[in-house]
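Okay, here's what each chain looks like letter by letter:
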Amino acid sequence: MPKTQSNSITLGMRAADFVLPDAGGNLFTLAEFKDSPALLVAFISNRCPFVVLISEALAKFARDYAGQGLAVVAINSNDAEAFPEETLERVGAEVKTFGYGFPYLKDASQSVAKAYGAACTPDFFLYDRERRLVYHGQFDDARPGNGKDVTGADLRAAVDAVLKGEDVGTTQVPSIGCNIKWTAGNEPSWFPTAA
């Protein structure tokens, strides 16, 4: 299965604003989460094996931190026309299937994925209270077929540090997953296209 690594993003970058719908027709913006001391923006998919592997653990992770000040929002930016598993309707089904207690939104134009520099699913962006990027790395080192337990250890350590007001550190292992399924002709500059 093809693997794509998350882009190298400069820590300290501010979170980009967005206006995106969930499957219920509700619109969400960055400002919805302004009262939370930490925000996780996760680009995920309904079909990528790397995301499927961690879906239940991601739902539990969000539940574990819900009362501690972490807001979570997930975004699906995959081309739903070429990949029908990635429609807004299927996004809503995933929320029910895995018990996601956080908004799971559809970025049909893919402009939000571009604004964040998202490259793969899953791709995690953790922001502090000022909405500056403090962590852009892996959930943990579990991958499909490698036999490692899904723990969320890397992301949990980063969130714990942010919530305690501590430095997350700059040694961060990039996330690895499926590439975002860009609409033909809409590929960002960092996506390798055939000449």
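These notes cover the structure that comes with them. (Residues numbered from 1 in each chain as written. Predicted model: local features only at pLDDT ≥ 70, side-chain atom pairs only at ≥ 80, totals over all residues. Heavy atoms only, no water.)

It is worth spelling out the packing of aromatic side chains at this point. Applying the stated criterion across every chain yields a total of 11 aromatic pairs. Among the aromatic residues, those joined into a ring-pair cluster are Phe 43, Tyr 116, Phe 125 and Tyr 127. (Phe/Tyr/Trp six-rings, centres within 6.5 Å; stacked < 30°, edge-to-face > 60°.)

Another aspect to go through is the environment of Ala 161. As for its position among the elements, Ala 161 is in helix H4 (residues 153-163). When its relative accessible area of 9% is taken as the criterion, Ala 161 is described as buried. Excluding residues within four positions of it along the chain, Ala 161 makes contact with Glu 166, Asp 167 and Val 168. (Helix = DSSP H or I, 4+ residues; strand = E, 2+ residues; numbered from the N terminus. Buried < 20%, exposed > 50% of the residue type's maximum accessible area, 1.4 Å probe, protein only. Contact = heavy atoms within 4.5 Å.)

So, on to the sheet that holds strand S10 (residues 176-179). The sheet built from 3 strands is open, its strands ordered S1-S10-S7 with antiparallel pairing. Only two strands of the sheet have a single neighbouring strand rather than two, namely strand S1 (4-5) and strand S7 (120-121). As judged from the 2 bridges shared by S1 and S10, these two strands associate in the antiparallel manner. Across the sheet, Gln 5 pairs through a bridge with Ile 176, a residue of S10. (Pairing = 2+ DSSP bridges.)

This structure, assessed with the given rule, holds 1 disulfide. Linked covalently through their sulfurs, Cys 48 and Cys 178 form a disulfide whose S-S length is 2.3 Å. As the torsion about the S-S bond is roughly 90°, the Cys 48-Cys 178 disulfide counts as right-handed. Of this pair, Cys 48 sits in the loop between strand S4 (38-43) and helix H1 (49-65) while Cys 178 sits in strand S10, and the two are 130 residues apart along the sequence. Grouping residues by exposure puts Cys 48 and Cys 178 together as buried. (Disulfide = S-S within 2.5 Å.)

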